[in-house]
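# A look at the structure
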Amino acid sequence: MDDRRLRDEITPEPLYQRRHAIMRAAGVLPMIAGASLVGCGQEDASDQGVVPTPGYEEVLTPFESVTSYNNFYEFSTEKDGVAKLAQGFKTSPWTLSVGGLVQRPQTFTVEDLDAMFMPERRAYRMRCVEGWSMVIPWQGFPISRILDEVVPNGDAKYLRFETVKRPDEMPGMRGFSPYAWPYVEGLTLDEARNPLATIATGLYGKPLLAQNGAPVRLVVPWKYGFKSIKSIVKIDLVARQPTSLWMAAAPSEYGFFANVNPEVSHPRWSQATERRIGETRRRPTLYLNGYAAAVGSLYAGMDLHKNY
Amino acid sequence: MPSGEGADQTSPHRHSHVRHPARHERSRAVIQVAVHAGAIVPLSWLTVDALTGGLTANPIQAITTRTGTAALVCLVLSLAVTPLSGIGRQAWMVPLRRPLGLYAFFYASLHMATFAGLDYGLDWRLIWNTVLEKRYIVAGTGAFVSMLPLALTSTRGWQRRLGPRWRKLHRLAYLAAILAVIHFLWLVKADIRQPLAYGVGVAALLALRLPVVRGRLRSW
């Protein structure tokens, strides 16, 4: 038996919608948006949070692929070279400081995060801006749980995330680099409060490996992969829209929102299709990576061609 | 080493560093073999990696990248032959131009076949939409199309038949190289160092062709 198989047949769309409605009524939308708990056994796609692509099967991407094919420029721009170069990266001890415009700034150890915020299994699609995708079972929890703990002030509008900067352990940062390190990303406060916005500390039931952004990273599955910042040391609540590393590097190509959208091309390439790692045929890319039901309302009335 | 002096007075390649005709022939043959051996390294390496699972979790992407790089390297090397043989007065290098150009075309063909066949499953509607939406593909296709007549007329027969027009036609190699560099430049993210390096190389080789530069170099 292939235990990676999430579903044996495609759930008919109306059935999925009905199930969704029932669960919403029962107040378990965060669970759909998230996932079932680790070890629940049932591997049905809708319970996993992986809304199936119509006409396509959704299977978890093998652990070997998830841990050997990584975009993590602090180590290398070669996706198959990161795992090896990241082996010497020290992920313990580690602290995550959450501050800025909050009432109770706090510093958490990774152990604190796991104890206080109870990571659960959350399998999501991950769509890279380069045109490939995976389905990854994370252990994570909604960022809103951290926000409830630090209590943002009324003037806090955005979250600014920062990756650790350790050139000694991260060879991609050494010497001349066209990027302004450290890696920075951002979300609006509303985006961060959405139950789909996840802080992950593990995948496939194990703690995160260095190449996947150990020990703590962001997972925002409706946005292109580069938004899901890795190895986070700092989250600040701020009033002004933060400038991410990619916005600074190529402002006309990488915007603040970076929502997965087949209708909005990258200036130099189409985003209409993608290749799921492990598959040969391309598949269509879905609006908001298939999570429109959960996060679509965040962008109601917004010009997504302008706010790319 | 004995230099073989005295035996080279009748050699037509008096300016070459290798003076002994027999040794000259031998080193020519060695270099020919080395060029062929070097040019099939990317293909051999690709085959071994394909058979041993060494093509990453995204093998189609890996094949595309590797064949593209091999094509560009062979193309730039083929363009380097004429100016370098002129500056160093190494006429024996000239016959290396054709195999290098044909290897460039060979890898470019593999690159195109990977794109259309493996990546897009010969779905022509999807391919057409992609070509229209990705400008780097337009540049890359242009590079490939400009290499096509060069590969077809690469034989001695065509060289004879076309006479002086053959040289003119084969200047298309520069167009192919420029388009290939633009293709590379447009497909990378923010880090343009690699395509820029190839661009500088092609520009330098093109500059060496300019009569004014050639004259300077000769007097120098």
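Residues numbered from 1 in each chain as written. Chains lettered and ligands numbered in written order. Predicted model: local features only at pLDDT ≥ 70, side-chain atom pairs only at ≥ 80, totals over all residues. Heavy atoms only, no water.

## Observations regarding the packing of aromatic side chains
Under the convention used in this document: Between rings of Phe, Tyr and Trp, where Trp is taken as its six-membered ring, a pair exists when centres lie within 6.5 Å; planes separated by under 30 degrees are stacked, by over 60 edge-to-face, and by other angles tilted. Partly exposed describes any residue whose relative accessible area lies between the buried limit of under 20% and the exposed limit of over 50%, with all areas from a 1.4 Å probe on protein chains only and scaled to the type maximum. Each helix is a run of H or I in the DSSP string that is no shorter than four residues. Each strand is a run of E no shorter than two, and both are numbered from the N terminus.
Counted under the stated rule, the structure contains 22 aromatic pairs over all chains. Between F256 of chain A and F257 of chain A, the aromatic rings sit 5.3 Å apart at their centres with planes inclined by 85°, giving edge-to-face as the arrangement. Accessibility expressed as a relative area gives 5% for F256 of chain A, which makes it buried. Taking relative accessible area as the criterion, F257 of chain A reaches 9% and is therefore assigned buried. Here the aromatic rings of F184 of chain B and Y198 of chain B are separated by 5.9 Å at their centres, their planes lie at 55°, and the arrangement is tilted. Of this pair, F184 of chain B sits in helix 8 (residues 172-187) while Y198 of chain B sits in helix 9 (residues 193-209); the two residues are 14 residues apart in sequence, bridging distant segments of the chain.

## Quick notes on a positive patch on the surface
Heads up, the condition is: Only residues whose relative accessible area exceeds 30% and that take part in no salt bridge are eligible for patches, with like-charged residues grouped when within 9 Å of each other and nonpolar side chains (Val, Leu, Ile, Met, Phe, Trp, Tyr) grouped when within 5 Å. Methods summary: accessible areas were calculated by the Shrake-Rupley approach with a probe of 1.4 Å, and residue burial reflects only the protein chains presented. A carboxyl oxygen of Asp or Glu within 4 Å of a side-chain nitrogen of Lys or Arg is what we treat as a salt bridge. This count recognises Lys and Arg as positive and Asp and Glu as negative, with His and chain-terminal groups excluded. For this purpose, a charge sits on NZ of Lys, CZ of Arg, CG of Asp or CD of Glu.
A cluster of like positive charges, contributed by R167, K168, R171 and R214 of chain B, occupies part of the molecular surface. Looking at the element boundaries, R167 of chain B is found in helix 7 (residues 164-169).

## Points about the side chain of K227 of chain A
Residues and elements named next belong to chain A. Our working rule: Throughout this description, a polar contact denotes any pair of N or O atoms lying within 3.5 Å of each other; where both atoms belong to protein, one of them has to be capable of donating a hydrogen while the other can accept it, and for residues adjacent in sequence the pair is counted only when both atoms sit in side chains. By definition, residues are in contact when any of their heavy atoms lie within 4.5 Å.
Relative to the elements of secondary structure, K227 occurs in the loop between strand 9 (217-219) and strand 10 (232-238). At a separation of 2.7 Å, a polar atom in the side chain of K227 contacts the side chain of E185. If near-sequence neighbours (up to four positions away) are discounted, K227 is found in contact with E185, G186, L218, V220, F256, F257 and A258.

## Some remarks on helix 3 (residues 97-119) of chain B
Helical geometry: 3.6 residues make up each α-helical turn, so side chains three or four residues apart lie on a common side. Residues and elements named next belong to chain B. Here is the rule we go by: Expected span, for any helix, means 1.5 Å times one less than how many residues it has. Here the bend at a residue is taken as the angle between two axes, fitted respectively to the seven residues that end there and the seven that start there.
The end-to-end C-alpha distance of helix 3, which contains 23 residues, comes to 31 Å, matching closely the 33 Å that a straight helix rising 1.5 Å per residue would cover. The largest bend in helix 3 amounts to roughly 25° and is located at A113. Positive phi shows up at G121, right after helix 3, with a value of about 50°.

## A short note on the sheet that holds strand 10 of chain A
Residue and element names in this part refer to chain A. Test applied: Paired strands, in this sense, are two strands between which DSSP finds at least two bridges. All axes here are fitted lines through C-alpha atoms, helices being fitted over the stretch that makes contact, and every angle between N-to-C directions spans 0 to 180 degrees.
Reading across from one edge, 2-1-10-5-6 is the order of the 5 strands in this open sheet, with mixed pairing throughout. Looking at which strands have only one partner, the edges of the open sheet turn out to be strand 2 (106-109) and strand 6 (184-188). Within this sheet the neighbouring strands show an average axis-to-axis angle of 20°, counted without direction. Pairing geometry for strand 1 (residues 95-100) and strand 2, over 4 bridges, is antiparallel. For S97, the partnering residue across the bridge sits in strand 2 and is T107. Contacting strand 1 and strand 2, helix 6 (residues 110-117) runs over the sheet at an angle of about 95° to strand 2.

## Some details on unusual backbone geometry
Residues and elements named next belong to chain A. Cis peptide bonds are those with omega within 30 degrees of zero, and the linkage from W181 to P182 qualifies with 5°. With respect to the helices and strands, P182 occurs in the loop between strand 5 (158-163) and strand 6. Residue P215 is bonded to the preceding A214 through a cis peptide linkage, with omega at -5°. Positionally, P215 belongs in the loop between strand 8 (206-207) and strand 9. Of note in the backbone geometry, N289 takes a positive phi value of approximately 55° without being a glycine. Checked against the element boundaries, N289 lands in the loop between strand 12 (283-284) and helix 10 (292-295).

## Here we look at the interface of chain A and chain B
What counts is decided by this rule: Accessible-area loss on putting two parts together, using a 1.4 Å probe and summing over both, is the definition of buried area adopted here.
Each partner contributes to the interface: chain A provides 26 residues, whereas chain B provides 22 residues. When the two sides are added together, the surface that chain A and chain B hide from each other amounts to roughly 2,100 Å², 53% of it contributed by carbon and sulfur. Ranking the residues of chain A by area buried against chain B places R268, R275 and R282 of chain A at the top, with a combined share of 31%. Applying the counting rule to chain A against chain B returns 3 salt bridges. Salt-bridge contacts for K189 of chain B lead to E130 of chain A; the nearest nitrogen and oxygen are separated by 2.9 Å. The interface formed by chain A and chain B contains 9 residue pairs in polar contact (both at pLDDT 80 or more).

## Here's the deal with the confidence of the model for chain B
As a reminder, the rule being used: Think of pLDDT as the predictor's per-residue confidence, scored from 0 to 100.
Averaged over every residue, the pLDDT of chain B is 87; the share at 70 or more is 89%. Confidence drops under a pLDDT of 50 for residues 1-16 of chain B, and excluding neighbours within four residues, the segment shows 16 contacts in the predicted structure.

## Some details on the nonpolar core
For clarity, the threshold we go by: Side-chain atoms within 4.5 Å link the members of a nonpolar core, which is a set of buried Ala, Val, Leu, Ile, Met, Phe, Trp, Tyr and Cys residues.
Residues I143, F161 and I199 of chain A are the most contacted members of the largest nonpolar core, which totals 85 residues. Setting aside anything within four residues of it in sequence, one finds F161 of chain A in contact with I143, Y183, V184, E185, G186, L187, I199, L218, I229, I232, K234 and I235 of chain A.

## Things to note about a nonpolar patch on the surface
Residue and element names in this part refer to chain B. A cluster of nonpolar residues, L185, I192 and L196, forms a patch on the protein surface that exposes about 220 Å² of accessible area. Here I192 shows up in the loop between helix 8 and helix 9. Owing to a relative accessible area of 36%, I192 belongs among the partly exposed residues under this scheme.

## Here we look at the pairing of strand 6 of chain A
Residues and elements named next belong to chain A. Counting buried residues along strand 6, 5 of its 5 residues qualify, which places the element largely inside the surrounding structure. A two-sided burial pattern is seen for strand 6, the buried positions comprising V184, G186 and T188 on one face and E185 and L187 on the other. Where strand 5 lies against strand 6, 5 bridges are found, and the strand directions are antiparallel. The partner of F161 across the bridge, within strand 6, is E185.

## Considering the packing of helix 5 (residues 135-152) of chain B against helix 8 of chain B
Residue and element names in this part refer to chain B. Short version of the rule: Put simply, angles under 35 degrees are roughly parallel, angles over 145 are roughly antiparallel, angles from 65 to 115 are roughly perpendicular, and the rest are oblique. By definition, turning the near helix anticlockwise from the far helix through less than a right angle yields a left-handed crossing, and turning it clockwise yields a right-handed one.
At a closest axis distance of 8 Å, the pairing of helix 5 and helix 8 adopts a crossing angle of 160°. The angle between helix 5 and helix 8 falls in the class roughly antiparallel. The crossing of helix 5 and helix 8 is left-handed. Listed contacts from helix 8 to R135, Y136, I137, A139, G140, G142, A143, S146, M147, P149 and L150 of helix 5 are L172, A173, L175, A176, L179, A180, I182, H183, W186 and L187.

## Some points on the pattern of salt bridges
Counted according to the given criterion, the structure contains 20 salt bridges over all chains. Here E120 of chain A makes a salt bridge to R145 of chain A, at a shortest N to O gap of 3.3 Å. Separated by 25 residues along the polypeptide, E120 of chain A in strand 3 (residues 120-127) and R145 of chain A in helix 7 (residues 144-150) bring together distant segments of the chain. Of the charged contacts in the structure, one is a salt bridge between D119 of chain B and R282 of chain A, with a shortest N-O distance of 2.8 Å. With one member in each of two chains, D119 of chain B in helix 3 and R282 of chain A in the loop between strand 11 (273-276) and strand 12 form a pair that bridges those chains. In this structure, a network of salt bridges that share partners links the residues E58, R125, R127, E274, R276, E279 and R283 of chain A.

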